[in-house]
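# Architecture at a glance
Now for the letters of each chain:
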Amino acid sequence: MTGSPGIRINPASAVPPFEQARQQIADLIRSGVLAEGQRLPTVRQLAADLGLANGTVARAYQELEAAGLVVTRRAAGTRVASAAVLQPAARIEALALRAREFVIAGRLLGAGDDELTAALVAALRADMEGKGPSKSAGSLP
């Protein structure tokens, strides 16, 4: 992984920077943009690329490792794990976090429960018709 493809940190987001980085790297792995065995940048390099503290990126990497998506070896660095798949409990947790982000964003726009529900239904419908974002690289499969 050269540089930080597609990883962007939004400092205004309610989501902590380590979680934004973790989530985006996990998405890149699950979508196949980052292939099995591919090396991730060092903590220092990614932190510099993203303008974050080393500890912030280290925490993201630790959580990715705990989820089984990456492995870290002293001489080999951090690499995408073999057969990196999200376990059902971790998938539910990730979905709940994204749902919370959606709700926060909707509330900031002034949306009520009915509007949020309608937007989710519209997104699901678009996805079923092949028009949704899940068909593009960098999103959840």
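Read on for an overview of the structure. In this text the structure is predicted, and so the values were computed from the model without any measurement.

Reading the values: the criteria
What you see as residue numbers is a count from 1 along each chain, following the sequence as written. In keeping with the predicted nature of the model, local features appear solely for residues at pLDDT of at least 70, side-chain atom pairs appear and are counted solely at 80 or more, and the whole-chain, interface and lining totals rest on all residues. Values shown for side chains rest on all heavy atoms present in the structure; no hydrogens or waters enter the calculation. To pair, rings of Phe, Tyr and Trp, with the six-membered ring standing in for Trp, must have centres within 6.5 Å; the planes then decide the type, stacked if under 30 degrees apart, edge-to-face if over 60, and tilted in the middle. The rule for a charge over a ring is simple: NZ of Lys or CZ of Arg within 6 Å of the ring centre, and within 35 degrees of the ring normal. A run of H or I in DSSP becomes a helix once it reaches four residues, and a run of E becomes a strand once it reaches two; helices and strands are each numbered from the N terminus. Here, residues are in contact when the closest pair of their heavy atoms is within 4.5 Å. One less than the residue count of a helix, multiplied by 1.5 Å, gives the span that helix is expected to have. Pairs of strands are assigned from DSSP output, requiring at least two bridges between the strands. Remark: exposure states derive from per-residue accessible area (1.4 Å probe, protein chains only) relative to the maximum for the residue type, with buried under 20%, exposed over 50%, and partly exposed in between. Two N or O atoms form a polar contact when they lie within 3.5 Å of each other; inside protein one atom must be a possible hydrogen donor and the other a possible acceptor, and for residues adjacent in sequence the pair counts only when both atoms belong to side chains. The salt bridge definition used is simple: a Lys or Arg side-chain nitrogen within 4 Å of an Asp or Glu carboxyl oxygen.

With that settled, consider the packing of aromatic side chains. In this structure the tally under the stated criterion is zero aromatic pairs. Here the basic side chain of Arg59 rests over the ring of Phe18, its NZ or CZ set 3.6 Å away from the ring centre.

Within the element layout of this structure, Gln24 appears in helix α1 (residues 17–30). With near-sequence residues (within four places) excluded, Gln24 lies in contact with Gly6, Ile7 and Arg8.

Moving on to helix α5 (residues 113–128). Its 16 residues give α5 an end-to-end C-alpha distance of 23 Å, which sits within 8% of 22 Å, the value for a rise of 1.5 Å per residue. Gly130, located one to two residues past α5, shows a positive phi value of around 80 degrees.

Another aspect to go through is the pairing of strand β1 (residues 70–73). As judged from the four bridges shared by β1 and strand β2 (residues 77–80), these two strands associate in the antiparallel manner. Looking at β2, one finds that Thr72 is bridged to Thr78. Here β1 folds back onto β2 in antiparallel fashion, the turn holding three residues.

What follows concerns the side chain of Gln20. Counting through the fold element by element, Gln20 comes out in helix α1. Assessed through its relative accessible area of 6%, Gln20 is described here as buried. A distance of 2.7 Å separates a polar side-chain atom of Gln20 from the backbone nitrogen of Asn10. Apart from the residues lying within four places of it in its own chain, the contact partners of Gln20 are Arg8, Ile9, Asn10, Ser13 and Val15.

Summed over the entire model, instances satisfying the criterion amount to four salt bridges. Here Arg30 ties to Asp27 by a salt bridge, and the two come within 2.9 Å at their closest N and O atoms. In this pair, Arg30 and Asp27 both sit in helix α1, three residues apart, roughly one turn of the helix. Judged by relative accessible area, which is 5%, Asp27 ranks as buried.

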